[in-house]
Each structure stands twice: as structure tokens, then as C-alpha cells.
Amino acid sequence: MSLAFVFPGQGSQAVGMGQALAEAFPIARHTLQEVDDALDQHLSRLMFEGPDEDLRLTANAQPALMAVSLAALRVLEQEGGKPLAERAAFVAGHSLGEYSALAAAGALELADTAVLLRRRGEAMQEAVPVGQGAMAALLGLDLDAAEELAAAAAEGQICAAANDNAPGQVVLSGHSEAIERAIALAPERSAKRAIPLPVSAPFHCSLMAPAADVMADALAAVTIKMPSVPLVANVTAGRLSDPDDIRLKLVEQVTGMVRWRESVAFMAAEGVDTTVELGAGKVLAGLSKRIDRSLSAHSAGAPEDIEKLLQQL
């Protein structure tokens, strides 16, 4: 069995996430407390109790999702008696999940990761005034067809592929009017569906350039070590271990496309046969199966998930 640990991105958050882990395992409680202390905020209380509209705010959702992922990892390592480096061939994360992956592999300290994600969330929100940007998921089109549709809808504005998630699932990002035009064009371009996404900013497109500048400064101020296993980077869909390269790619990732389909395909081509999604939700496990049906895909974000996973590993 060759494993890759993968870490979810925004949209997987839900009120109550991490609570069962924290109640069952002191190490999970300590992990969430470490994030609370780093941010000087009762983020764990917001995660457990809501309200949902506050948890969904980008500046809260990003560090919260990372906190649950790292809590799940530490429980898995403790209960399974093996560190991540002895189990995994690669780590990867979807958008903000890339930071979780780097923290999991020891490249970033947990407290630094929490502060970086808080800053990233704030910077992404501030980059574009509310209402001026939007995102939409296109179902039934591959990347080339989605990019052609985006180009046709742009009409001088920004409209670009933001996430290549799986075969037939591409997310567009850009100016609100351009995204509306893309949704209107989608049926005649043979898309099965075009779904506006409930997001507060147009992530992973050139409109995020101000946020990339903020993150370049923030990342310059933290120590990045070589990860214990290679990262498969969002913007290259290839392996990455050099700390300076990681820093550069994290900045590029703010405006760049998340090449998730290619990332999973790369890991499978490198011999990975099993992906383990750590943290909230099961989005990435579902995408893994769509990308390569030969992959075994697991999700672990609650005590019973980790117990089941350890029996299978």
C-alpha cells in the first residue's frame, strides 16, 4: 500500500467539526488550543458551536479547517504509533489545504500556519470588494472546454479556470458579470450544469493579485523547512521539497489554478494507490475516485473514522 495524505479546502467546513475528536483525545484538544492561542481567538468554540455564517468567513474557515486536519493527523499518529513520514509517500492539499499539508509534513510550525491562514483569508477577502467577484462550478466540461467558455465570457473582464477538480468538474473565477455570462453560455457549450458558488471572493484568479502580494510578505517572515515527505503542489501538480520553492509556489497559488485533477493523477502515476483525507468532510475522497477509479480513498475527521482507518492500514 502506498499512501498520500490529502487535506481539504474551503467549503468543507461545518459547525461541530473537530468536536468529537477534541472530546475523545487530549492531543486533539491541545492542537485546537494551540491554534486558538496563536490567533488569540476562541476559534475552536466557533467551530463547535457556530454560528455557521461566522465560521464560513474566509478568515475563520481557513485556519479552522487546518486545525481540524492537524488534530486528526496527530490522533492518527498517536493511535497508530507511526509518524506521517513512515506512512505517506506524498502530502497534498486543496488550496488552503496545501498549508495543512505542509504543517502535517513538518515544513511549517502549527502556530505559524494558523497565522498565515488568517492573514491569507483576510487578504483574499480584501482583494476584491464584495459583489464584484464570483465563482461558478461547471459540470460536464473538461479543462480545455471550460477555458474556452471562460475566454468567450470574459469580454474584457477576468474569467478564468480556478480549480481543475476532476474530469468534468472545473470551477471558474472572475468578475461577477463575466461569471454570469459564463453560466448563461454553459448550456450551449454542452455543460451539464453551471452552478454559482456561495463564496465571498473570486479565488485563484488574477483578481487576487493584491492578496498574493500580502502573502509574499507574510511568507517571507516565517521559517519553512524541508517537508518530511514531498508536497504535490497545487500550481505545478508535481513534487516539491525545497523550502524556497515552496514559498514561491504558495504565493503563486493565490492567483494560480488549483490543478487537483493532475495532482492526484501524478501521485497515482508515482505508485500511490490510497488517498487518506484528513479533516472535515469527504470532498477530496470523492474527487480521488472520479480522477482514478483504481484508487482507494478514505476520509478521517472523527474518532470512528480514525479507528476504522487504522484497521485498514
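This part is about a negative patch on the surface. There is a patch of like negative charges on the surface, built from Asp142, Asp144, Glu147 and Glu148. Summarising the element assignment, Asp144 is placed in helix H9 (residues 143-154).

Attention shifts here to the pattern of salt bridges. Any two side chains of opposite charge can pair, given that their charged atoms come close. Evaluation of the coordinates by the stated rule reveals 9 salt bridges. Of the charged contacts, one joins Lys249 and Glu252 as a salt bridge, the two residues approaching to 3.4 Å between their closest N and O atoms. With Lys249 and Glu252 both in helix H12 (residues 243-255) and 3 residues apart, this pair spans about one turn of that helix. Glu252 sits in the partly exposed class, given a relative accessible area of 37%.

Moving on, we come to the packing of aromatic side chains. With the rule as written, the count across this model stands at 1 aromatic pair. Ring centres of Phe90 and Phe266 lie 5.8 Å apart, and the angle between their planes is 65°; on these two criteria the pair is classed as edge-to-face. Remark: Phe266 occurs in helix H13 (residues 260-269) and Phe90 occurs in strand S2 (residues 88-93); sequence separation between them is 176 residues. Considered together, Phe90 and Phe266 belong to a single accessibility category, that of buried residues.

Spatially, the 4 strands line up as an open sheet ordered S4-S5-S3-S6, and their pairing is antiparallel. The strands lining the two open edges of the sheet, one partner per strand, are strand S4 (159-166) and strand S6 (193-196). Averaged over all adjacent pairs, the angle separating strand axes in this sheet is 25°, with direction ignored. Helix-sheet contacts for helix H10 (residues 176-185) involve strand S3 (133-139), S4, strand S5 (169-175) and S6, and the interaxial angle to S5 is about 140°.

Conventions and cut-offs
Residues numbered from 1 in each chain as written. Predicted model: local features only at pLDDT ≥ 70, side-chain atom pairs only at ≥ 80, totals over all residues. Heavy atoms only, no water. Patch = residues over 30% accessible without salt bridge, like charges linked within 9 Å, V, L, I, M, F, W, Y side chains within 5 Å. Areas by Shrake-Rupley, 256 points an atom, 1.4 Å probe, with all protein chains shown as cover. Salt bridge = Lys/Arg side-chain N within 4 Å of Asp/Glu carboxyl O. Lys, Arg positive; Asp, Glu negative; His and termini not counted. Charge placed at Lys NZ, Arg CZ, Asp CG, Glu CD. Helix = DSSP H or I, 4+ residues; strand = E, 2+ residues; numbered from the N terminus. Buried < 20%, exposed > 50% of the residue type's maximum accessible area, 1.4 Å probe, protein only. Phe/Tyr/Trp six-rings, centres within 6.5 Å; stacked < 30°, edge-to-face > 60°. Pairing = 2+ DSSP bridges. Axes fitted to C-alpha atoms, helices over the stretch in contact; angles between N-to-C directions. Contact = heavy atoms within 4.5 Å.

Geometric descriptors of this kind do not, in isolation, establish any biological role.
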